[in-house]
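Structure assessment
Listed below, chain by chain, are the residues.
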Amino acid sequence: MIQCIGLRKSYGALVAVHDLDLDIAPGEVFGFLGPNGAGKTTTIRMMVGLLEPSAGQVLLGGHDLAQAPEAAKALLGYVPDQPFLYDKLTAKEFLRFIGGLYRLERDDIADRSVDLLEEFGLVDRAEELIETYSHGMKQRLALAAALIHRPRILILDEPMVGMDPQGALALRQLLGGLAASGITIFLSTHSLAVAEELCDRIGILDHGKLIAQGTLAELRVHASELPELASNEGSLESVFFSLTGTEGRRA
Amino acid sequence: MSDTGAVPSPAPLSVLLAPRILATRNALRRRPLRAWVLALLTAAFWVGSFLLFAHTLRFFQTITALGPVLTQRLLVMLFVSFFAILLISNVVTSLTTYYLSADVRFLMVAPVPRRRLHQARQASQQSGLSGSGKPHDDQDLALRHGEIDAGQRDETAALLHRGDILTQWRFGIDTMCLGRSVNLPKVLAA
């Protein structure tokens, strides 16, 4: 469903993403991990069409993002790390606008809006301006907007940032439900617990290079081949630190 | 739509302009007092500008020999200054509207062709929905400033437009209408 082939982004001499190859199957939840500055957000921006790759290809649902951007983007729901919302609109108006962008029928937009606002606990404040919402409410609304057109691919960049524990739990449950319904989810997160709980496969990016990808079991095997993993406890956290060497660098 | 994999037709301009229109409507509904105050201030500005110009030009007309020259030179200076200000402000407005708006990234992820997005930006800028859009007339006016330099008083005054048509009427100066010179007081008197 999501394919990145030889994806590269360079800024002059600096290569932010090195020849990245990814192949994510339909219905799969793929966790994208890496330390700050590893190139996760750059990769995601290339995957959603916000950034032109220096080389390589992105295919979404078989559509080449460069050749058929509208067809590829129609399959996509995207929630960035800092989602944009029109502050002077109400939640209902915002969802109606998004539905219009994706050319949904008017009745369908109304039905979907009500369902999503209920699901995300925003129905009571649906007629209030978005500027009056809390950070968590805004994030929930951004997620609702990303889902209104029933995307087949959902790309989330750090969706848990700024969420309270209840909100984070609700989001985890929601993502689990979406994955069960067959939506392909690409999740960039710093929360290793979330990745461990939700993701079928995990990719670890460091300095723009995909240093490992696979299931948690495969990553453990991969990490156990490293000499410094003598104290490996088997958790994703220890695997992550071993592969990226972040703990050593931080110390 | 996504389920079938069919490519939707691009969203029409009305959809892309909806957030700005709705935001304006919400602002008017939720803060009617502010809207009224702004409307009154705007009206006061235009009326004040008209009165100021009317007074100044009337004073110039009382100076028999220098009056027309003074009028012409004043208008030339004004138009050239306005042209420079408009040029700079339009460049800044265009850059912010096309490239620095907070919603550009958001909209570029949607299946909207770049050409349509560009049209929507242009439409919102020209309609003033983006906050500081400038009408085309001002640019046309300035681009024709070669005619002002020609020193023809009527042509100079004819470049006045919109609200300033009242100034032309007040002083019996010819107005350009559909490429022809028209003297409004004479037309109305007839």
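Quick word on the overall build of chain B
- For chain B, the count of helices and strands is 10 helices and two strands.
- When the helices and strands of chain B are read in sequence order from the N terminus, they spell out α-α-α-α-α-α-α-α-α-β-β-α.
- Long-range contacts, defined as pairs at least 24 residues apart, comprise 50% of the intrachain contacts of chain B with a sequence gap of at least 6.
- Roughly 11700 Å² of accessible area belongs to chain B as shown, and the carbon and sulfur atoms make up 67% of that amount.

Some remarks on the side chain of Thr184(A)
All names here are of chain A.
- Relative to the helices and strands, Thr 184 resides in strand β8 (residues 184-188).
- With relative accessibility at 0%, the residue Thr 184 sits in the buried group.
- Among the polar contacts listed, one links the side chain of Thr 184 to the backbone nitrogen of Gly 27, at a separation of 3.0 Å.
- With residues near it in sequence (within four places) discarded, Thr 184 still touches Met 1, Ile 2, Ile 24, Ala 25, Pro 26, Gly 27, Glu 28, Arg 152, Ile 153 and Leu 154.

Overview of the sheet that holds strand β10 (residues 209-214) of chain A
Residue and element names in this part refer to chain A.
- Pairing in this open sheet of six strands is mixed, and the strands run β6-β7-β8-β3-β9-β10 from one edge to the other. Two strands bound the open sheet, and with one partner strand each, they are β6 (76-79) and β10. Averaged over all pairs of adjacent strands, the angle between strand axes in this sheet comes to 15°, irrespective of strand direction.
- Sheet analysis places strand β3 (residues 29-33) next to strand β9 (residues 201-206), joined by four bridges and oriented parallel. Across the sheet, the residue bridging to Leu 33 is Ile 204, located in β9.
- Strands β3, β6, β7 (153-157), β8 and β9 of the sheet are contacted by helix α1 (residues 40-47), whose axis makes an angle of about 150° with β7.
- Lying over the sheet, helix α9 (residues 236-244) contacts β3, β9 and β10, oriented at roughly 30° with respect to β9.

Observations concerning the confidence of the model for chain B
All names here are of chain B.
- Across chain B, the average pLDDT comes to 70, with 62% of residues at or above 70.
- Averaged pLDDT values over the elements of chain B bottom out at 33 in helix α6 (residues 136-143) and peak at 90 in helix α2 (residues 32-62).
- Across residues 130-168, confidence stays below pLDDT 50; counting only partners more than four residues off in sequence or on other chains, it has 64 contacts.
- In the predicted structure, residues 175-180 sits below a pLDDT of 50 and forms 12 contacts with residues beyond four places in sequence or in another chain.
- For this predicted complex, the interface confidence reaches an ipTM of 0.79, while the overall pTM sits at 0.71.

Considerations on the nonpolar core
- Judged by nonpolar contacts, the single largest core of 100 residues is most densely connected at Leu101(A), Leu141(A), Leu154(A), Ile155(A), Leu175(A), Ile185(A) and Phe186(A).
- The dominant element in this core, judged by the number of residues it contributes, is helix α5 (residues 135-147) of chain A, at eight residues.
- Aside from chain neighbours lying at most four places away, what touches Leu101(A) is Ala11(B), Val15(B), Leu16(B), Leu107(B), Ala110(B), Pro111(B) and Val112(B).

Looking at α9(A)
- For α9(A), a buried count of eight out of nine residues is recorded, marking the element as mostly surrounded by other parts of the structure.
- Leu236(A), Ser238(A), Val239(A), Phe240(A), Phe241(A), Ser242(A), Leu243(A) and Thr244(A) are the residues of α9(A) that are buried.

So, the packing of aromatic side chains
- Overall, the coordinates contain 10 aromatic pairs over all chains when judged by the stated rule.
- With centroids separated by 5.6 Å and ring planes inclined at 15°, the aromatic side chains of Phe30(A) and Phe186(A) adopt a geometry described as stacked. Residue Phe30(A) is found in strand β3, and its partner Phe186(A) is found in strand β8; the two are separated by 156 residues along the sequence.
- With centroids separated by 5.8 Å and ring planes inclined at 25°, the aromatic side chains of Phe94(A) and Phe106(B) adopt a geometry described as stacked. Remark: Phe106(B) occurs in helix α4 (residues 104-108) and Phe94(A) occurs in helix α3 (residues 91-101); the pair is interchain, linking two chains.
- Ring pairing ties together the aromatic residues Phe84(A), Tyr86(A), Phe94(A), Phe97(A) and Phe106(B), which thus form one cluster.

Cut-offs and rules
- Residues numbered from 1 in each chain as written.
- Chains lettered and ligands numbered in written order.
- Predicted model: local features only at pLDDT ≥ 70, side-chain atom pairs only at ≥ 80, totals over all residues.
- Heavy atoms only, no water.
- Helix = DSSP H or I, 4+ residues; strand = E, 2+ residues; numbered from the N terminus.
- Contact = heavy atoms within 4.5 Å.
- Areas by Shrake-Rupley, 256 points an atom, 1.4 Å probe, with all protein chains shown as cover.
- Buried < 20%, exposed > 50% of the residue type's maximum accessible area, 1.4 Å probe, protein only.
- Polar contact = N/O pair within 3.5 Å; in protein donor to acceptor, adjacent residues only side chain to side chain.
- Pairing = 2+ DSSP bridges.
- Axes fitted to C-alpha atoms, helices over the stretch in contact; angles between N-to-C directions.
- pLDDT = per-residue confidence, 0-100.
- Core = buried A, V, L, I, M, F, W, Y, C linked by side-chain atoms within 4.5 Å.
- Phe/Tyr/Trp six-rings, centres within 6.5 Å; stacked < 30°, edge-to-face > 60°.

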